[in-house]
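The lines below spell out each chain.
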Amino acid sequence: MDKPVCLIDTASDGKLCVQQSALQVLEQILQPVVVVAVVGLYRTGKSYLMNRLAGKQTGFALGSTIESKTKGIWMWCVPHPTKAETTLVLLDTEGLGDVDKGDSKHDTKIFSLSVLLSSTLVLNSQGTIDNRAIEELQYVTELTEYIKIKSSDEEDSEFVKFFPSFIWAVRDFTLEQKINDKYVTEDQYLEYALKLKPGFLRTISEFNLPRQCIRNYFPSRKCFTFPFPTVPEKVSHLQRLDPAELSPDFQEVTQRFCKFIFDRSEVKKLKDGHTVTGRVLGQFAKTYVDSISSGQVPFLENAVLAMAQIENEAALKEGLEVYHTGMETLKRSFPLELKEVSSEHQRLSSTATQVLMKRSFKDSQGTYLKSLENFNFGVN
């Protein structure tokens, strides 16, 4: 892809919908995918980081006014710079907290979809990780309203098996990175900000709730603190600046951030370790959005089962088509010796099996493979 496309948009009735053109792009990606999504308040520079991850100066729209630029969830698929035969899928999300939105739950839906689809979730904020910044993350406390593992109740620990790793990117950070007069690392700063208070008073419970949710849902956490990138009057035109106009410290953190994403962000996988391809990611996106738009809660395990059925039925159909097409071609050469027909039959049967196995998705019992093998491969 030479530029981003809209993956999830808002329809005229206000409901989220998946763009068919984006699904067609994902349908062609048979490689494993590393999916990095960025979320955060609008007008905080999320798109700039995603453009840098794509190795570009421009791509995702950067606004230069107080109006939110990105709407819905936009997608950019590029070859992974350090993992061979892998595609990097970047998801730039609509800014949270935009006053123009009519649906009070719209932000939580966008946040939930970002969690569901990504293997690494980047939270982008400005200033410091203070109580206000954490309180603005009410979306974390509302996740279980929009995501369920299965129809029965589940412990919070179960979500960890499905949820992405977590990076907090703090932009325009100007404070000394000290706690109790001692310099600390970025990660220590994050853990200090997420520290729980002892006690059971209501005010303490309200203080602890978002912190506890982050700690429970995202045990793999990382923090980067970015200084101001340039002088204030140039910040709104960041994408057009020459690198020489950017602060060396800002460039250093940006390079560390990108390197960490490239080296440490894992391929998107299911709970059992099954690798997700672009095609499967697209189907998951449609399943999740359809559920949320219809007012239902996506059950993750149900989505996996539905996806397995869709992919395996398609794999079986592809295998059968390969066999039938080959045999129809063979018919045009009749009459042939029986051994020639038998040899071609064996070759096409083997090819059909390979085609099915390549697309097969969680067919752990070999049900669809047996269906292919039991099919009467005969010349009609």
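Our subject is the structure listed above.
Here's a quick rundown of the structure. Chains are numbered independently. Their residues run from 1 in the order of the written sequence. Thresholds applied to this predicted model are a pLDDT of at least 70 for local features of residues and 80 or more for the giving and counting of side-chain atom pairs; totals over whole chains, interfaces and linings are not thresholded and use all residues. Side-chain metrics in this entry use all non-hydrogen atoms of the structure; hydrogen atoms and water are not considered.

Regarding the pattern of salt bridges
What counts as a salt bridge is simple: a side-chain nitrogen of Lys or Arg found within 4 Å of a carboxyl oxygen of Asp or Glu. The final tally for this structure, using the stated rule, is eleven salt bridges. The closest approach of N and O atoms between Lys286 and Asp290, which form a salt bridge, is 2.9 Å. Linking Lys286 with Asp290, this pair stays in helix 11 (residues 278-293), spanning four residues, or about one helical turn. Residue Lys286 is classed as partly exposed on the basis of its relative accessible area of 34%. Three exposure classes are used, based on accessible area relative to the maximum for each residue type with a 1.4 Å probe and protein chains only: buried under 20%, partly exposed in between, and exposed over 50%. Judged by relative accessible area, which is 40%, Asp290 ranks as partly exposed. In this structure, Glu344 engages Arg347 in a salt bridge whose closest nitrogen and oxygen atoms are separated by 2.6 Å. Separated by three residues within a single helix, Glu344 and Arg347 lie in helix 13 (residues 338-359), roughly one turn from each other. Given a relative accessible area of 44%, Arg347 falls into the partly exposed group. Connected through shared salt-bridge partners, Glu186, Glu252 and Arg256 make up one network. We count a stretch as a helix when DSSP gives it H or I for four or more residues in a row; a strand needs E for two or more, and each element gets its number in order from the N terminus.

A word on the nonpolar core
Ranked by size, the top nonpolar core spans 67 residues in total, and within it Phe111 and Trp168 carry the most contacts. The element that contributes the greatest number of residues to this core is helix 11, accounting for seven residues. Contacts are assigned to residue pairs with any non-hydrogen atoms lying within 4.5 Å of each other. Setting aside chain neighbours within four positions, we find Phe111 in contact with Val39, Leu96, Leu121, Leu137, Tyr139, Val140 and Leu143. As used in this record, nonpolar core signifies buried Ala, Val, Leu, Ile, Met, Phe, Trp, Tyr and Cys residues forming a set joined through side-chain atoms within 4.5 Å. Core analysis: the next-biggest nonpolar cluster, separate from the first, contains 29 residues, Tyr48, Phe224, Leu238 and Cys258 among them.

Notes on empty space enclosed by the protein
Computed over the protein atoms alone on a 1 Å grid, cavities are sets of points where a 1.4 Å probe fits but cannot get out and pockets are open sets with protein on both sides within 12 Å along at least five of seven lines; a residue lines them when it has an atom within 4 Å of a point. Grid points are joined across faces, edges and corners, and a volume is the space filled by probe spheres set on the points. As enumerated under the stated definition, the model contains one cavity of 30 Å³ or more in all. The computed volume of the largest cavity comes to approximately 130 Å³. In terms of lining, the largest cavity is formed by 13 residues, of which the most central are Leu116, Phe162, Lys268, Leu270 and Tyr288. Elements supplying a minimum of two residues to the lining of the largest cavity: helix 11 and helix 12 (300-331). When residues in the lining of the largest cavity are grouped by element, the largest group, three residues, is from helix 11. Grouping the amino acids of the lining of the largest cavity by side-chain chemistry returns nine nonpolar, no polar and four charged. Each residue is assigned to one class: nonpolar for Ala, Val, Leu, Ile, Met, Phe, Trp, Tyr, Cys and Pro, charged for Asp, Glu, Lys and Arg, and polar for all the others, Gly among them.

Notes on the environment of Leu300
Turning to its location among the elements, Leu300 is positioned in helix 12. On the accessibility criterion, Leu300 (2% relative accessible area) is buried. Each C-alpha atom of the pair Leu300 and Val18 lies 18 Å from the other, and the pair is 282 residues apart in sequence.

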